[in-house]
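# A closer look at the structure
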Amino acid sequence: RAIAGRRRIMPDKARVAVFVSGRGTNMAALLYASRLPGCPYEIGLVASNDPEAEALTLAEAEGVATFALSHKGMKRAEHDAAMEQAALDASAQYIVLAGYMRILTPEFVRRWEGRMLNIHPSLLPAFAGGMAPEPQAAALRAGVKISGCTVHVVTDDLDAGPIVAQAEYPVLDDDTSESLMVRMFERGAELLARTLPAWDSGELTGKPQDDSLATHS
């Protein structure tokens, strides 16, 4: 489905499409940050592979254009093409993967090289490759005392793109995967909302990941 948004995209702001699969905690943080004075971007589209995603309801209530198409029964490339076309139809200049539970095809990623960010629920390069709650469970098994989340540039090497920003939080003795996820969502939403304007302006740029830290968090 595609639903026209009521808000007008300002011509002097960067147009951003946000891809989501669930509740939209990170998307909401981006959306509300975009309405602060001086913010250099505006959310032009919220798109999902799950037509029932709560994030879509929130976006519609806030007057943001939405697009939803289930990936079930579709080839990955075909679904990617539909999602990309929705972003292009919304005149998106950037894509943010904010809890998007799909791995994009290398061709899609290359077409958006340097213009797509993802938030990963660990301090990359530690615990790469999984989606929440897998990195949280891995952190507990490893016995680390500090975990966090990472905003990184998306490349066709999964979770290995240049790091733009990270946020840390402590791992407590009584933590579970679920309690770490709650902390991660809180810090991740704040981090993403703070990072996107700085990345768009060039104040923040990605730095290569240090593979020597891959076993730590």
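Residues numbered from 1 in each chain as written. Predicted model: local features only at pLDDT ≥ 70, side-chain atom pairs only at ≥ 80, totals over all residues. Heavy atoms only, no water.

## Thoughts on the overall build of the protein
- A tally of helices and strands in the protein yields 6 helices and 8 strands.
- Counting from the amino terminus, the protein carries its helices and strands in the arrangement β-β-α-β-α-β-α-β-α-β-α-β-β-α.
- Whereas a compact globule of 217 residues would reach a radius of gyration of roughly 17 Å, the protein reaches 17 Å, a difference of no more than 12%.
- With the principal axes as the frame, the protein shows a C-alpha extent of 45 × 45 × 30 Å.
- When the 217 residues of the protein are sorted by exposure, 50% land in the buried category.
- The contacts of the protein with a sequence gap of at least 6 include a subset with a gap of at least 24, amounting to 68%.
- For the protein, the exposed area adds up to about 10,200 Å²; of that, 53% sits on carbon and sulfur atoms. (Helix = DSSP H or I, 4+ residues; strand = E, 2+ residues; numbered from the N terminus. Rg over C-alpha atoms; globule rule 2.2 N^0.38 Å. Buried < 20%, exposed > 50% of the residue type's maximum accessible area, 1.4 Å probe, protein only. Contact = heavy atoms within 4.5 Å. Areas by Shrake-Rupley, 256 points an atom, 1.4 Å probe, with all protein chains shown as cover.)

## Topic: the packing of aromatic side chains
- In the structure shown here, the tally under the stated rule is 3 aromatic pairs.
- Seen from their ring centres, phenylalanine 19 and tyrosine 100 are 5.4 Å apart, and the 65° between their planes marks the pair as edge-to-face. Taken together, the positions of phenylalanine 19 in strand S2 (residues 14-20) and tyrosine 100 in the loop between strand S5 (94-97) and helix H4 (106-111) put the pair 81 residues apart, joining distant regions of the chain. Judged on exposure class, the residue phenylalanine 19 and its partner tyrosine 100 are both buried. (Phe/Tyr/Trp six-rings, centres within 6.5 Å; stacked < 30°, edge-to-face > 60°.)

## A short note on the pattern of salt bridges
- The final tally for this structure, using the stated rule, is 7 salt bridges.
- Residues arginine 111 and glutamate 84 are paired through a salt bridge, measuring 2.8 Å at the closest nitrogen-oxygen approach. Of this pair, arginine 111 sits in helix H4 while glutamate 84 is found in helix H3 (residues 76-89), placing the two residues 27 residues apart along the sequence.
- For arginine 111, a relative accessible area of 45% translates into the label partly exposed.
- A salt bridge links arginine 183 to aspartate 175, with the nearest nitrogen and oxygen atoms 2.8 Å apart.
- For arginine 183, a relative accessible area of 18% translates into the label buried. (Salt bridge = Lys/Arg side-chain N within 4 Å of Asp/Glu carboxyl O.)

## Considering unusual backbone geometry
- Looking along the chain, the bond that leaves leucine 124 and enters proline 125 is cis, with omega of 10°.
- The residue proline 125 is located in the loop between strand S6 (116-120) and helix H5 (134-142) in this model.
- Phi at serine 91 is positive, roughly 60°, even though this residue is not glycine.
- Within the secondary structure layout, serine 91 lies in the loop between H3 and S5.
- By relative accessible area, which is 41% here, serine 91 ends up partly exposed.
- A positive phi is found at aspartate 159, a non-glycine position, where the angle reads about 60°.
- Topologically, aspartate 159 is positioned in the loop between strand S7 (146-153) and strand S8 (163-170).
- Owing to a relative accessible area of 9%, aspartate 159 belongs among the buried residues under this scheme.

## Some words on the nonpolar core
- Counting residues in each nonpolar core, the largest one holds 45 residues, and the members touching the most others are Tyr41 and Ile43.
- For this core, the leading source of residues is helix H6 (residues 177-201), giving 8 residues.
- Discounting residues that sit within four places of it in the chain, tyrosine 41 has contacts with Lys13, Ala14, Val16, Leu30, Ala33, Ser34, Ala193, Leu196 and Pro197. (Core = buried A, V, L, I, M, F, W, Y, C linked by side-chain atoms within 4.5 Å.)

## A few points about the environment of leucine 31
- For leucine 31, the location among the structural elements is in helix H1 (residues 25-34).
- Taking C-alpha positions, leucine 31 is 8.4 Å from alanine 59, a pair spaced 28 residues apart along the chain.

By themselves, these figures tell us nothing about what the structure is for.
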